[in-house]
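Here is what each chain is made of, one letter per residue.
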Number of protein chains: 2
Amino acid sequence: MTQLVDVAGLFEEASSGSRRSLAKLLSAIEKGGVLGRAVAGVAYRSLAEAHSVGITGAPGAGKSTLVDRLIAHARAGGVGQIAVLAVDPSSPFTGGAILGDRVRMQGHALDEGVFIRSMASRGHLGGLAVAVPEAIRVAAAAGIEVVLVETVGVGQVEVEVASATDTTVVVVNPRWGDSVQANKAGLLEAADIFVINKADLPGARETRRDLEQMLDLSPDRQWRPPVLEVIAAKDEGVDVLWETIEKHQSHMESTGELERRRAQRLQREFKAVLVAKIERQVDALYADDRFSSLAESVEQHGLDPYEAAELLLGEVTSGDTLEDPTPRVDP
Amino acid sequence: MTQLVDVAGLFEEASSGSRRSLAKLLSAIEKGGVLGRAVAGVAYRSLAEAHSVGITGAPGAGKSTLVDRLIAHARAGGVGQIAVLAVDPSSPFTGGAILGDRVRMQGHALDEGVFIRSMASRGHLGGLAVAVPEAIRVAAAAGIEVVLVETVGVGQVEVEVASATDTTVVVVNPRWGDSVQANKAGLLEAADIFVINKADLPGARETRRDLEQMLDLSPDRQWRPPVLEVIAAKDEGVDVLWETIEKHQSHMESTGELERRRAQRLQREFKAVLVAKIERQVDALYADDRFSSLAESVEQHGLDPYEAAELLLGEVTSGDTLEDPTPRVDP
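**Points about the overall build of chain A**
Of regular secondary structure, chain A possesses 14 helices and 7 strands. When each of the 331 residues of chain A is scored for burial, the buried share is 47%. In chain A, the proportion of contacts linking residues at least 24 apart, taken out of those at least 6 apart, comes to 76%.

**What to know about the pairing of strand 4 (residues 146-151) of chain A**
All names here are of chain A. Within strand 4, 6 of the 6 residues are buried, which leaves the element mostly enclosed by the surrounding structure. Direction of pairing for strand 1 (residues 51-57) relative to strand 4: parallel, over a ladder of 5 bridges. Paired with Gly 54 across the two strands is Val 149, which belongs to strand 4. Alignment of strand 2 (residues 82-87) against strand 4, held across 6 bridges, turns out to be parallel.

**Comments concerning the relation of the copies chain B and chain A**
Relating one copy of the chain to the other requires a rotation about an axis plus a shift along that axis. Rotating chain B by 180° about the axis while translating it 0.1 Å along that axis superimposes it on chain A, leaving an RMSD of 0.1 Å. Expressed as an axis order, the relation between the two copies is that of a two-fold axis. Ranked by how close their C-alpha atoms come to the rotation axis, the residues of chain B are headed by B:Ile278, at 4.1 Å. Of the residues that chain B buries at the interface, 100% are likewise interface residues in chain A, meaning the two copies contact each other through the same surface.

**Concerning the sheet that holds strand 4 (residues 146-151) of chain B**
Working definition: the strands of a sheet are paired by backbone hydrogen bonds and lie parallel or antiparallel to each other. All names here are of chain B. Read from one edge of the open sheet, 7 strands run 3-2-4-1-5-6-7, paired in parallel fashion. Here the strands that pair on one side only, and so sit at the sheet edges, are strand 3 (114-119) and strand 7 (227-230). Averaged over all adjacent pairs, the angle separating strand axes in this sheet is 20°, with direction ignored. In this structure, strand 1 (residues 51-57) lies alongside strand 5 (residues 167-172), joined through 5 bridges in parallel fashion. Following the sheet pairing, Thr 56 is matched in strand 5 by Val 170. Helix-sheet contacts for helix 7 (residues 156-163) involve strand 1, strand 2 (82-87), strand 4 and strand 5, and the interaxial angle to strand 1 is about 160°. Contacts from helix 10 (residues 204-217) reach strand 5, strand 6 (193-197) and strand 7 within the one sheet, and its direction differs from that of strand 7 by about 165°.

**Considerations on the interface of chain B and chain A**
With 43 residues of chain B at the interface, the matching set in chain A holds 43 residues. Looking at the side of chain B that touches chain A, the elements that each hand over two or more residues are helix 1 (7-15), helix 3 (33-46), helix 12 (257-286), helix 13 (289-299) and helix 14 (305-313) of chain B. It is helix 12 of chain B that contributes the most residues to the side of chain B that touches chain A, 12 residues altogether.

**Points about the packing of helix 6 (residues 128-141) of chain B against helix 12 of chain B**
Residues and elements named next belong to chain B. Their axes nearest at 9 Å, the elements helix 6 and helix 12 cross at an angle of 135°. Classed by the angle they form, the pair helix 6 and helix 12 counts as oblique. Relative to helix 12, the crossing made by helix 6 is left-handed. Residues Ala 129, Val 130 and Pro 133 of helix 6 touch helix 12, and the partners they reach there are Arg 265, Arg 268, Glu 269, Ala 272 and Val 273. A class-by-class count of the residues in the contact of helix 6 with helix 12 yields 5 nonpolar, no polar and 3 charged.

**Quick look at the packing of helix 2 (residues 19-31) of chain B against helix 3 of chain B**
Residue and element names in this part refer to chain B. One way to put it is that helix 2 packs onto helix 3 with a least axis distance of 7 Å and a crossing angle of 120°. In terms of orientation, helix 2 lies oblique with respect to helix 3. Every pair of crossing elements has a handedness; the one defined by helix 2 and helix 3 is left-handed. Of the residues in helix 3, those in contact with Leu 25, Ala 28, Ile 29 and Lys 31 of helix 2 are Gly 33, Leu 35, Gly 36, Val 39 and Ala 40. Its residues placed into classes, the contact of helix 2 with helix 3 shows 6 nonpolar, 2 polar and 1 charged.

**Looking at the sheet that holds strand 5 (residues 167-172) of chain A**
Residues and elements named next belong to chain A. Taken in spatial order, the 7 strands of this open sheet run 3-2-4-1-5-6-7, and their pairing is parallel. Here the strands that pair on one side only, and so sit at the sheet edges, are strand 3 (114-119) and strand 7 (227-230). Taking the axes of each pair of neighbouring strands and ignoring which way they run, one obtains an average angle of 20° across the sheet. Packed onto the sheet, helix 10 (residues 204-217) meets strand 5, strand 6 (193-197) and strand 7 and runs at close to 165° relative to strand 7. Each of strand 1, strand 5, strand 6 and strand 7 is contacted by helix 11 (residues 238-255), which is oriented at about 155° to strand 7, the strand it contacts most.

**Some words on helix 4 (residues 63-76) of chain B**
Residues and elements named next belong to chain B. Here helix 4 is 14 residues long and its end C-alpha atoms lie 20 Å apart, about the 20 Å a rise of 1.5 Å per residue gives. Among the 14 residues in helix 4, 10 count as buried, and that is most of the element. Along helix 4, the positions that sit buried rather than exposed are Lys 63, Ser 64, Thr 65, Leu 66, Val 67, Asp 68, Arg 69, Leu 70, Ile 71 and Ala 74. One or two steps after helix 4, the chain reaches Gly 78, where phi turns positive at roughly 105°.

**Considerations on helix 2 of chain B**
With 13 residues, helix 2 of chain B ought to run about 18 Å at 1.5 Å a step, and its terminal C-alpha atoms sit 18 Å apart, in line with that. Buried-residue contacts for helix 2 of chain B involve helix 1, helix 3, strand 3 and helix 6 of chain B.

**So, the confidence of the model for chain A**
Residues and elements named next belong to chain A. Across chain A, pLDDT averages 83, with 84% of residues at or above 70. Note on residues 317-331: pLDDT is under 50 here. Beyond four places in sequence and across chains, it has 16 contacts. If you check the scores for this complex, the pTM reads 0.63 and the ipTM reads 0.75.

**As for the environment of B:Gly155**
Residue and element names in this part refer to chain B. Summarising the element assignment, Gly 155 is placed in the loop between strand 4 and helix 7. A tally of 16 C-beta atoms within 10 Å means that Gly 155 is categorised as partly exposed. Measuring from C-alpha to C-alpha, the distance between Gly 155 and Leu 187 comes to 9.3 Å, with 32 residues separating the pair along the chain.

**Some points on unusual backbone geometry**
Within the chain, A:Lys198 stands out as a residue other than glycine whose phi angle is a positive 60°. If you trace the backbone, A:Lys198 turns up in the loop between strand 6 and helix 10.

**A word on the environment of A:Ser218**
Checked against the element boundaries, A:Ser218 lands in the loop between helix 10 and strand 7. Residues A:Ser218 and A:Glu189 lie 29 residues apart in sequence; the distance between their C-alpha atoms is 8.4 Å.

The rules behind these values
- Residues numbered from 1 in each chain as written.
- Chains lettered and ligands numbered in written order.
- Predicted model: local features only at pLDDT ≥ 70, side-chain atom pairs only at ≥ 80, totals over all residues.
- Helix = DSSP H or I, 4+ residues; strand = E, 2+ residues; numbered from the N terminus.
- Buried ≥ 20, exposed ≤ 12 C-beta atoms within 10 Å, placed from the backbone.
- Contact = placed C-beta atoms within 7 Å.
- Pairing = 2+ DSSP bridges.
- Least-squares fit on C-alpha atoms with pLDDT ≥ 70 in both.
- Axes fitted to C-alpha atoms, helices over the stretch in contact; angles between N-to-C directions.
- Parallel < 35°, antiparallel > 145°, perpendicular 65-115°, else oblique.
- Left-handed = near helix turned anticlockwise from the far one by under 90°.
- Nonpolar A, V, L, I, M, F, W, Y, C, P; charged D, E, K, R; others polar.
- Expected span 1.5 Å × (residues − 1).
- pLDDT = per-residue confidence, 0-100.

Given below as structure tokens:
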């Protein structure tokens, strides 16, 4: 089953501009497994870093159009190599919708400085929480300077994925304007920049006011997320957005925040791998004969679920665990 | 901190009709901890069972009104003792909305055969997935014959909680009618009975047709979920619903399905306790000095997240785990 793959060679080719090799490396990351791990390890040790920008917002907020325009401004602004990772956390496989959106970005198809890819977490240990930062490091090791990470939909997972970047851009629309919603979804904490896209629709002013009021109430930070009005479809305000993204990057570099965030991110990855590994151990536990016989005991009212769990985990001998001291009460 | 509580005494009082003692027992379950576990253990060993009926559906579907009417029909139909557990999986504490709904049920406030309680999972090991079945068993051990479990909102958690019962009633409204939605939310698999509430609104026929079509497509089962049209606010069709619930119960008893479901439920509880315990172990791992020093190593690009996780879990010596064979590739 295992194929011999020249990982170092793939990185070399990718760095020399081979899109195919970069795609292969990212496929390996996406799939996880032995090869994915080897690829991730090489990228990790390369110490290369790209400026990563997460772009999140509800479906229909206009993220893809915005990303499309951002690419153009970044390229015009001197970015040599830019990549887009379009991530769908809800789907184990990349669905049609996200690929449909990608078509809109085909204006860049002939630009050799632009690399666009959809991404899902097929069998990756730790899922997208690990796969996305790995993919960013792989892109960086292949010479990509800026990675835009676009997520589909706003939910906890999406926000997490978008936050696994240096700069998080939250895209809202004028009608959106419900500050409670933004608070609920954790967007306020995650956002470095707010974009009100389709700002020519009614309600833009109210949305801005709501967002600013929420920001007034949130704790002091060195960087107060700017609220930008953009009409991506007409390419209005996207230049300012790109400048603001660069400004945020410089701010983080100068304050040491960038280093702190990247270190934090690695720690999160460590935890995600740890949890995933433990989950696999639990799965193995379920497959164990001892589990079946204890489960049977529980079903027949012999052992209650706690007692069975303790027996299976070998906790019974210790007797001094926090959650179950011994004062048993029997009727 | 630990108080001496006479658990057996509380059960005795609850069985003799003391609502206060039953409330105390359920509070203990809700809070988890040593006392909760003792209470759960007594109920588990009592072997008492109540007919539990889960009622789920989107907010505004009219679940509370339906439950209110169901209580009346159940009591009129000869149920001596009935309890309602109103569960809010999204909130660690019982919020205002659910208590507001409870007020509508105050018509039963003077009926000694009716017990109504809101429930949340504060610190319970395993959360509501464990707390709700425990609460049902506690109610049963206190002589309650029927427990209605009403959940707030339709989501995976809500469906799980509602399914932790003998009979699951899914409440929809005429406008709802989107079969895709029902499929997505896992309602089709979970439902034993569909109720189209507010059936006097336009669209009831289409909703019924959609549901029946979905049921036609779903795999053959011994019990095909009936689709009932109800107007709870006018008490129309609720009598048929109560009869259908009783019919479902008899069907399950005679086919052995009831026993199978209850055994399955206990196995799920066992797993939930197991996972919760393991999660606590992971938390303890995080608090460990070895974790901090490994995390530092990861942040400084000394060890990649996989290596660090393996070291922490002591996996390195084995070298033959499924997920990371040794063919390391270095650049």
